[in-house]
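Topology and contacts: notes
The lines below spell out each chain.
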Amino acid sequence: MEGALSFFSPSPFSSNRSNLCLPKKPLSQFSSSRASIPKVSPLARSSKRTRKPDVRISPKTAERSRISRPLDSEKINIQKLNAEVSPHRAVSAVRLLRIEQGGAFADLLNEKGRKAAENEMSYVERTLGFRTRDLDDRDIRLVTDVVGGSVRWRRYLDHLIMSLCNKERMFTDMEPLLLQILRIGFFEILKLGMPPYAVVDENVKLAKAALRPGAGNLVNAVLRKLVSLKEKDSLPLPTLEGDDRAQARALAVIHSHPVWMVRRWTKFLGQEEAVRLMNWNNSDPCFSLRVNTAKGFKRVDLVNRLEDLMVPYELSSCMDDFVRIHTGMQIVIQAGLLKDGICSVQDESAGLVVSVVGPQPGDAIIDCCAAPGGKTLFMASCLRGKGTVMAIDINRGRLRILKEACKLLNVTNVVTTTHADLRLYAEKHNVKVDKVLLDAPCSGTGVLSKRADLRWNRQLEDLEQLKHLQDELLDAASMLVKPGGILVYSTCSIDPEENEERVAAFLQRHPEFVVHPVHPYVPPDFITDKGFLFSNPVKHRMDGSFAARLVRSLDYPC
């Protein structure tokens, strides 16, 4: 996964590859009026209200109204505007509601800027029945923090909310919007360290305006109880005791991860390392920028622009074309560095995978599961106008995004796109190329710091389906490699069953391939004992990734 751009919408330069095979559940049918969040008891999850009919005014009547009462339209807008409700909390609540229903991502950045902020406010108006003042830059940063944080810490927050409710059923039957408001309040108090009195007051206002006075009273009581317990350092959190299962359940609450992930990581890594990994996943993500050499830019050009913008940065220690930034991504976006094609957002781990492929001018390359194309674009820039990259993907819409990115980054002369299922394409076409990259759909456990919602959209059972798909795709990709050619298998997973075990199973089925150690292509700190690439999120401070470089023997017929 090359990056995750936008708490508003996925970026053309981000990769949600781990979602390709197991999509989210569909968005629930939200009404465009306040009836979609009914004003009923907090113990009721939903109910039906009579919806007011739309009032339609003819153009002539409207024109007469403007002449006789020029302020009427302004009065209507004023009635919809609620100046007392905090903009970032209203947007965050509705955004969290949409994420939970499967209709939005919790990504962290956005290159659409003010337009996207306006879109978010329109969701607020349609869902809550009113709008707040417009989001300013500070509000946008707060929405990013609150949405991403509330999603990451969901299990932790829900445990505390349920503990502070008088009855467990009060939590289990709570209206979705009311639950999001409480999550926001708990996160702001416990993780952002905002002044408690302000958090209580502002979230009570939101609950009263969006739901009803009684909902505001409940928010007030629960948040005040939380503040009291926090001041006494007596939050009702589980303790690490009992057998392995009990300890895994406790760790899952304390560090807000699914229990199955905690048990799995404890088994593979040990409890201490598993805790470090969960802490990394819950930390604010760091982003990397790759300079676009295909348009003639050098890393020094990007560095000079960052310095002009006063954005702190550090040079990548493992990739010459990359720069890391911990803060200031919104500044980079607003300054047009992405839109102008100066750079792309791409994690260094993704860059290391491209290094393992080793694209050289004149190479014929196929990127098998290419869209939205971060690795395709990097490989294309390495060709320096000589050679080809065929990008194959099953998602036509994501290929359109890739085509637009190719124009922006000036690599259309070497990139072609093919809409196809790789498995069918390999059977029907007798194509053999120098190098093939299969960046396979996977669990995405290496990118959980950037993909805040992904941990809740994965089940242990998904791994079996993914492993079967990975095997099928590897078999298909191998058919496209010429004798003496290279096949690179990569994932953004840290799970051995999706990585080393898939390669071992493939080699048993395909004795014509052998492992080609990656020592000449990446720094030694990233190389495993078996000659594979592996980036460890905790150790290397970047996304987790895996890559194996396999060479096809000249002695086996195609």
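In the annotation of an unreviewed UniProt entry, the protein is listed under the name 16S rRNA (cytosine(967)-C(5))-methyltransferase and assigned to Phoenix dactylifera. We quote the UniProt Catalytic activity (unreviewed entry) comment for the protein here in full: "cytidine(967) in 16S rRNA + S-adenosyl-L-methionine = 5-methylcytidine(967) in 16S rRNA + S-adenosyl-L-homocysteine + H(+)". Of the protein, the UniProt comment under Sequence similarities (unreviewed entry) reads exactly: "Belongs to the class I-like SAM-binding methyltransferase superfamily. RsmB/NOP family."

Next up on the list: the pairing of strand 6 (residues 388-393). By the criterion of burial, strand 6 is predominantly enclosed, with five of the six residues buried. For strand 5 (residues 364-367) and strand 6, the ladder comprises four bridges, and the chain directions are parallel. Bridge pairing in strand 6 places Asp-367 opposite Ala-391. Chirality of the crossover, the property in question, places the unit of strand 5, helix 17 (residues 374-382) and strand 6 among those that are right-handed. Sheet analysis places strand 6 next to strand 7 (residues 415-419), joined by five bridges and oriented parallel. Bridging across to strand 7, Ile-392 finds its partner in Thr-418. Where the polypeptide runs from strand 6 across helix 18 (residues 396-409) and back to strand 7, its parallel neighbour, the crossover connection is right-handed.

Here we come to helix 3 (residues 87-100). Its 14 residues give helix 3 an end-to-end C-alpha distance of 20 Å, which sits within 8% of 20 Å, the value for a rise of 1.5 Å per residue. Taken from the residues just after helix 3, Gly-102 is the one with a positive phi, measuring 85 degrees.

Here we come to the environment of Leu-377. Tracing the backbone shows Leu-377 in helix 17. Taking C-alpha positions, Leu-377 is 7.8 Å from Leu-409, a pair spaced 32 residues apart along the chain.

As recorded in UniProt, the feature "binding site: S-adenosyl-L-methionine" (unreviewed entry) lies at Cys-369, Ala-370, Ala-371, Pro-372, Gly-373, Gly-374, Lys-375, Asp-393, Asp-421 and Asp-439. When you line up the elements, Pro-372 lands in the loop between strand 5 and helix 17. Residue Pro-372 is classed as buried on the basis of its relative accessible area of 3%.

Excluding glycine, residues mostly have negative phi values, and the peptide bonds linking residues are mostly trans. Of the consecutive residues Ala-371 and Pro-372, the connecting peptide bond is found in the cis state with omega at 0 degrees. The phi angle at Asn-410 is positive, at roughly 65 degrees, despite the residue not being glycine. Secondary-structure assignment places Asn-410 in the loop between helix 18 and strand 7. The exposure class of Asn-410 is partly exposed, given its relative accessible area of 46%.

The full count for this structure, using the stated rule, is 34 salt bridges. When salt bridges with common partners are traced through the structure, they connect Arg-264, Glu-464, Lys-467, Asp-495 and Glu-497 into a single cluster.

This part covers the packing of aromatic side chains. One pass over the structure, following the stated rule, counts five aromatic pairs. Between Trp-153 and Tyr-156, the aromatic rings sit 5.3 Å apart at their centres with planes inclined by 70 degrees, giving edge-to-face as the arrangement. Looking at Trp-153, the relative accessible area reads 11%, which means it is buried. Exposure remark for Tyr-156: the relative accessible area of 6% places this residue in the buried category. When the centroid spacing of 5.3 Å and the interplanar angle of 65 degrees are considered together, the rings of Phe-532 and Phe-546 count as edge-to-face. You can see Phe-532 sitting in the loop between strand 10 (513-515) and strand 11 (533-535) and its partner Phe-546 sitting in strand 12 (residues 545-552), a full 14 residues away along the chain. Here the two residues Phe-532 and Phe-546 agree in accessibility, since each one is buried.

Calculation rules
- Residues numbered from 1 in each chain as written.
- Predicted model: local features only at pLDDT ≥ 70, side-chain atom pairs only at ≥ 80, totals over all residues.
- Heavy atoms only, no water.
- UniProt positions renumbered as here; feature names shortened; annotations may be inferred.
- Buried < 20%, exposed > 50% of the residue type's maximum accessible area, 1.4 Å probe, protein only.
- Helix = DSSP H or I, 4+ residues; strand = E, 2+ residues; numbered from the N terminus.
- Pairing = 2+ DSSP bridges.
- Right-handed = clockwise from strand over helix to strand, strands pointing away.
- Expected span 1.5 Å × (residues − 1).
- Salt bridge = Lys/Arg side-chain N within 4 Å of Asp/Glu carboxyl O.
- Phe/Tyr/Trp six-rings, centres within 6.5 Å; stacked < 30°, edge-to-face > 60°.

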